[in-house]
Amino acid sequence: MFFHAHPDDEALLTAGTMARLAGQGHRVVLVLATAGERGLASKALQDRGLGEVRRDEAHASARILGCSRVAFLGYADSGHTPDQAPASGGAEPFASADVGEAAARLAALLTEERADLLTVYDPAGGYGHPDHVQVHRVGYRAARLAGTPVVLEATVDRTLLLRGLRAASWFYRFPPQFDRDAFRQAYGARGEITHRVPVKRHWRAKRASLSAHLSQARGGDSERTLAALGRLPGPAFRQVMGTEWFIQRGLPAGPVLRDPLATLPGRGVTAAGR
């Protein structure tokens, strides 16, 4: 089960792993805390009801990746800043939801699906979005309630990310509000990463998953990450997006794993040794 805050998060962080597992015959379930109705988009899309648009995009992405099910926890998108106006419709913003209540909703899905693996985010929520931080809190609590044996934190190798941002600045004009320095503490330090999953074989599915989230290709008047990645030539896309990273807390120092299922009970690799 892959737990994400908003539609398109799965495409950026875990789409290759999802396609890989589905291709191996595993049942893959995508759970989204919100419909992403506070995401940046054109006024025309906002007027249409961005949440419904993004729900449809999530289902399209999931079909591409081979998911068996898409579920929404029913919370409102909290927006990028705490003082952003609350969403209409009465749903509670996910970032301020009671952790125990939200975890119970997710645990019910984990139990129903008999999930043996759950993905969440690292403690900082990657780049600090309040809904992403809440995914970390809620996901761990839900895994304990449901007895889910393995929890992986979807992240990015910070060293590679900073190197890539420096290289990209030579040929790509970042929007004025973009702060590269903010990424110095974002995502996972290289020494924390326990799983480096190769997904180059699934680059077409990952690229199509990104493309399914058309509403997020532009935010206001600026191009966004999804659109920039979507324009990369195939070989460059495979290189840039051909690895996905995860952290499993409690594993001792050892070789970085390539199989997201390597530490499942019965696989012979556990928190006691690998």
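Within each chain, residues carry numbers counting from 1 in the order of the written sequence. Only residues with pLDDT of at least 70 get local features here, since the model is predicted, and only at 80 or more are side-chain atom pairs given and counted; chain-wide, interface and lining totals rely on the full set of residues. Hydrogens and waters are ignored; side-chain quantities use all the structure's heavy atoms.

Some thoughts on the overall build of the protein
Okay, step 1: A run of H or I in DSSP counts as a helix once it spans at least four residues, and a run of E counts as a strand once it spans at least two, with each numbered from the N terminus. From N to C terminus, the protein includes 10 helices and nine strands.
Okay, step 2: Here the term buried applies to any residue with accessible area under 20% of the maximum for its type, exposed to any over 50%, and partly exposed to those in between, with areas from a 1.4 Å probe on protein chains only. Across the 274 residues in the protein, those meeting the buried criterion constitute 50%.
Okay, step 3: In the protein, the share of contacts with a sequence separation of at least 24, taken over all contacts with a separation of at least 6, comes to 77%.
Okay, step 4: Here the protein displays about 12900 Å² of accessible surface, and carbon together with sulfur accounts for 53% of that area. Here, two residues are considered to be in contact whenever any of their heavy atoms come within 4.5 Å of each other. In these tables, accessible area is a Shrake-Rupley quantity obtained with a 1.4 Å probe, and a residue counts as shielded only by the protein chains included in the view.

Quick notes on the packing of helix 8 (residues 203–212) against helix 10 (residues 234–241)
Okay, step 1: Axis separation between helix 8 and helix 10 bottoms out at 10 Å; the angle between their running directions is 90°. Relative to helix 10, the element helix 8 is oriented roughly perpendicular. Across the interface between the two elements, Trp-203, Lys-206, Arg-207 and Leu-210 of helix 8 pack against Gly-234, Phe-237, Arg-238 and Met-241 of helix 10. Here, axes are lines fitted to C-alpha atoms. For helices the fit covers the stretch in contact, and angles between N-to-C directions go from 0 to 180 degrees. Oblique is the label for any angle not under 35 degrees, not over 145, and not in the 65 to 115 range, which are roughly parallel, roughly antiparallel and roughly perpendicular in turn.

Thoughts on the pattern of salt bridges
Okay, step 1: In what follows, salt bridge is the name for a side-chain nitrogen of Lys or Arg lying within 4 Å of a carboxyl oxygen of Asp or Glu. Enumeration over the complete set of coordinates arrives at 10 salt bridges.
Okay, step 2: Between Glu-113 and Arg-27 there is a salt bridge, with the nearest N and O atoms lying 2.6 Å from each other. Of this pair, Glu-113 sits in helix 4 (residues 99–113) while Arg-27 sits in the loop between helix 2 (15–23) and strand 2 (29–34), placing them 86 residues apart in sequence.
Okay, step 3: By sharing partners, the salt bridges in this structure join Arg-27, Arg-69, Glu-112 and Glu-113 into a single network.

Concerning the environment of Arg-63
Okay, step 1: Turning to its location among the elements, Arg-63 is positioned in helix 3 (residues 43–65).
Okay, step 2: The class of Arg-63 is exposed, set by a relative accessible area of 60%.

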